[in-house]
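# Structural overview
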Amino acid sequence: MTIDLSLLPDGGISWADASGPDGHIVLSTRIRLARNLQGTAFTIRARDEDRERIREQVIGAGREIKSLADAAVFRVDGLDRADRQLLYERHLISKELAGLEAGGAVRPGAALVLGGDLGVMVNEEDHLRMQSLHSGFALQRAYATLERLDGELGARLPFAFHPEFGYLTACPTNAGTGLRASVLIHLPGLVLTKEIAKVLQGLSQVGLTFRGLYGEGSEVVGNFFQLSNQTTLGKSEEELLDHLGKIVRQVIDYEEQARRVLLRDAPSVIEDKVWRAYGLLRYARSLSFEETMNLLSGVRLGVGLNLINDLGVYTLNKLMIFAQPAHLAYVAGRPLADPDLAIARATFVRRSLEEEAGRMRPQAS
Amino acid sequence: MQCDHCGERPAAIHLTQIVNNSVTTLHLCEACAAEKGVQTGASVAKFPLSDFLASMGKGAAGSLPATTDDTPCGFCGATLKDFRDAGRLGCPHCYASFETHLRDLLRRLHGSSQHVGEVYLPPEAAAAVGIAPPRGNQLGELRDQLRRAVEAENFELAAELRDRIRVLDDH
């Protein structure tokens, strides 16, 4: 069975359309709420039949709710590996739910309910991981839709809640609000000016943390960082979001400042770096994922600094998604391994940039 | 500045409290602050779960009678040892079964064990008042949040919370 990506609401990538606030620096905002059902062991300790029952309960409750009434339902445990990887590469399910962790297998009962920018992962580490994914820097907007979904599902499903400890989760690091908000932010200016270590160190002092492109346990590639709250208990949802929002706003300001410094002190170096990155993406015949991400970071910086015009951020975001292995295999219609994979990646990137080149007027002044 | 509590070590934490409209500031050293259960952002960040789980074997939990580790949760049968090995609890009841340990762990992880976010209304209660029920103790929660926002000198948030309290008060 192969997923037809065109059936996903908005193709599943509306979060990458660069339409949101501060889209030139912030790729996307994600908030998730962890919830569990009373009277059932947490997912990892639950029996297969418990997980199956939970899946049916969540899917059934979703059908009664307007925001999920037309949602696509994926029984993740029935998908083959390539399809699970597609959903993972689109940031719609976690590595754990996709069963892609080293030595891991997909868990019986795993499911995804996906309605536009709202989704519910079922039988992840917690029974429900509701998430809201938005383009740009949009914490309040993302939380507004998620809060409504939480209320509507909570009125139909008996969530495990404790007066002192709040919402009860499999891992105590998520207890309380169960809320983790993360902002995927592109910080090449801070990396190039070597200020990034200071900023990241500062984050841990104010109770925030950073992760790589795919969240927990993932590497930082292409100068993308996910900034998120570290604690979930002892502060209200509004306080957690307000705090993260203020710090992210500061980080955006630092990044813009660093970019101004780069342009002022080393304009020719930056311009050369940006156009070299563009040139390699435009003409290379074989590209690794990591190299592609680093080059895309340079080009994105060039677009942000108006050194490259008429190249949309959305195109760059789509390239980030389609440069990943399962997407390239999907486009090719067959499984791919290196060296074919690296060749297919370079071909896809080259063609996408050629398509845009008609509108592009490079002016390397 | 010396610690107000022990008067020996230098004060590192300055705790401002508002009680009955009067502001008091306590200057505490790290040790006394920890004793009073005050956690700073920095000390929270220094306490990742893996370190804590590792320390449970050697530290306070290690000195408990060995049987404590083997007493299973009455609902799912998981033990503290299982938790230490897997890093995940067995079921929601584990929070009651291992309450003392978890309260301590939650305080170390989050700086507090008291949930102050939205209060859950179970389906039967929600049905009684309609699908989008007013949150039970919303006004009290907002007032608590306002107090904390003022303490943290977060006046922007405080103004927003004050407006929300006014709206609720008017109803």
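Residues numbered from 1 in each chain as written. Chains lettered and ligands numbered in written order. Predicted model: local features only at pLDDT ≥ 70, side-chain atom pairs only at ≥ 80, totals over all residues. Heavy atoms only, no water.

A word on the side chain of Arg107(A). All names here are of chain A. Residue position: Arg 107 is located in the loop between helix H4 (95-98) and strand E3 (111-115). Among the residues examined, Arg 107 registers a relative accessible area of 16% and is labelled buried. A polar side-chain atom of Arg 107 sits 2.8 Å from the main-chain carbonyl oxygen of Asn 123. Among all residues touching Arg 107, those that are not within four sequence positions of it are Thr 43, Ile 44, Arg 51, Asp 77, Glu 96, Asn 123, Glu 124 and Glu 125. (Helix = DSSP H or I, 4+ residues; strand = E, 2+ residues; numbered from the N terminus. Buried < 20%, exposed > 50% of the residue type's maximum accessible area, 1.4 Å probe, protein only. Polar contact = N/O pair within 3.5 Å; in protein donor to acceptor, adjacent residues only side chain to side chain. Contact = heavy atoms within 4.5 Å.)

The subject of this paragraph is unusual backbone geometry. The phi angle of most residues is negative, glycine excepted, and most peptide bonds adopt the trans form. Looking along the chain, the bond that leaves Asp338(A) and enters Pro339(A) is cis, with omega of 5 degrees. Along the chain, Pro339(A) falls in the loop between helix H12 (325-332) and helix H13 (340-357).

Residue and element names in this part refer to chain A. As enumerated under the stated definition, the model contains three cavities of 30 Å³ or more in all. Considering only enclosed or pocket space, the second largest cavity measures out at about 70 Å³ in volume. What lines the second largest cavity is Trp 15, Ala 16, Leu 27, His 91, Leu 184, Leu 213, Tyr 214, Asn 317, Met 320, Ile 321 and Gln 324. When residues in the lining of the second largest cavity are grouped by element, the largest group, three residues, is from helix H11 (residues 313-322). The residue makeup of the lining of the second largest cavity, split by class, is eight nonpolar, three polar and no charged. (1 Å grid on protein atoms, 1.4 Å probe; cavity = no way out; pocket = protein on both sides within 12 Å on 5 of 7 lines; lining within 4 Å. Points joined across faces, edges and corners; volume = space filled by probe spheres on them. Nonpolar A, V, L, I, M, F, W, Y, C, P; charged D, E, K, R; others polar.)

All names here are of chain A. Between helix H9 (residues 267-283) and H13, whose axes approach to 7 Å, the crossing angle comes to 110 degrees. In terms of their interaxial angle, H9 and H13 are classed as roughly perpendicular. Note on element contacts: H13 touches H9 through Val 349, Arg 350, Leu 353, Glu 354 and Ala 357, opposite Tyr 278, Leu 281, Arg 282 and Tyr 283. Taken together, the residues of the contact of H9 with H13 break down into six nonpolar, no polar and three charged. (Axes fitted to C-alpha atoms, helices over the stretch in contact; angles between N-to-C directions. Parallel < 35°, antiparallel > 145°, perpendicular 65-115°, else oblique.)

Okay, the confidence of the model for chain B next. Residues and elements named next belong to chain B. Chain-level statistics for chain B give a pLDDT mean of 73 and a share of 62% at 70 or above. Counted against residues more than four places away or in other chains, residues 41-47, with its pLDDT under 50, gives 15 contacts. Across residues 131-136, confidence stays below pLDDT 50; counting only partners more than four residues off in sequence or on other chains, it has twelve contacts. Prediction confidence for the complex, expressed as pTM and ipTM, is 0.79 and 0.88 respectively. (pLDDT = per-residue confidence, 0-100.)

Another point: the sheet that holds strand E10 (residues 224-229) of chain A. Residues and elements named next belong to chain A. Ordered by their spatial adjacency, eight strands build an open sheet running E2-E3-E4-E5-E1-E8-E10-E9, and the pairing between neighbours is antiparallel. At either end of the open sheet lies a strand with only one pairing partner, and these are strand E2 (72-75) and strand E9 (208-211). If you compare each strand with its neighbour and ignore which way they point, the axes differ by 20 degrees on average. Pairing between E9 and E10: four bridges, direction antiparallel. Its bridge partner being in E10, Leu 208 is matched across the sheet by Asn 229. Helix-sheet contacts for helix H7 (residues 196-205) involve E9 and E10, and the interaxial angle to E9 is about 130 degrees. Contacting strand E1 (26-35), strand E8 (179-186), E9 and E10, helix H8 (residues 237-265) crosses the sheet at an angle of about 10 degrees to E8. (Pairing = 2+ DSSP bridges.)

With that settled, the discussion passes to H7(A). Residue and element names in this part refer to chain A. For H7, the full list of buried residues reads Ile 196, Val 199, Leu 200 and Leu 203. End-on view of H7: buried residues confined to an arc of 95 degrees, all on one side of the axis. What points out from H7, more than 90 degrees from its buried face, is the exposed set Ala 197, Lys 198, Gln 201 and Gln 205. Taken together, the buried residues of H7 touch helix H6 (188-192), E9, E10 and H8. (Arc of directions from axis to C-beta.)

Moving on to the pattern of salt bridges. Any two side chains of opposite charge can pair, on the condition that their charged atoms come close. In the structure shown here, the tally under the stated rule is 25 salt bridges over all chains. Taking the shortest distance from any N to any O, the salt bridge between Asp126(A) and Arg129(A) comes out at 3.0 Å. Between Asp104(B) and Arg108(B) there is a salt bridge; the shortest N-O distance is 3.4 Å. Here Asp104(B) and its partner Arg108(B) are both found in helix H7 (residues 99-110), four residues apart, which amounts to about one turn of the helix. Overall, Asp104(B) belongs to the partly exposed group, its relative accessible area being 34%. Here the salt bridges share partners, and the residues they tie into one network are Glu52(A), Arg55(A), Glu56(A), Arg75(A) and Asp77(A). (Salt bridge = Lys/Arg side-chain N within 4 Å of Asp/Glu carboxyl O.)

Residue and element names in this part refer to chain A. Of all ten residues in H11, eight are buried; the element is thus mostly enclosed. Among all positions in H11, only Val 313, Thr 315, Leu 316, Asn 317, Leu 319, Met 320, Ile 321 and Phe 322 are buried. On its buried side, H11 packs onto E1, helix H3 (81-89), E10, helix H10 (289-304), H12 and H13.

This brings us to the pairing of E2(A). The side chains of a regular strand alternate, first on one face of the sheet and then on the other. All names here are of chain A. Of the two faces of E2, the one lined by Ala 72 and Phe 74 is fully buried and the one lined by Val 73 and Arg 75 carries no buried residue. Two strands pair when backbone bridges link them, and E2 and E3 are joined in this way by four bridges, in the antiparallel orientation. Its bridge partner being in E3, Val 73 is matched across the sheet by Val 113.

Residue and element names in this part refer to chain A. Mapping Arg 55 onto the fold places it in helix H1 (residues 48-63). On the accessibility criterion, Arg 55 (4% relative accessible area) is buried. Beyond its immediate sequence surroundings of up to four residues, Arg 55 is in contact with Arg 75, Asp 77, Gly 109, Ala 110, Ala 111, Val 122 and Asn 123.

Attention shifts here to the interface of chain A and chain B. Interfaces are often described in size by the accessible area the parts lose on coming together. Taken together, the contact pairs 48 residues of chain A with 45 residues of chain B. Interface of chain A and chain B: buried area, both sides summed, is about 3,900 Å²; carbon and sulfur atoms make up 59% of it. Considering only the side of chain A, the residues that lose the most area to chain B are Arg45(A), Glu164(A) and Pro172(A), jointly responsible for 16% of the buried surface there. At the boundary of chain A and chain B, one finds three salt bridges. (Buried area = accessible area lost by both parts, 1.4 Å probe.)

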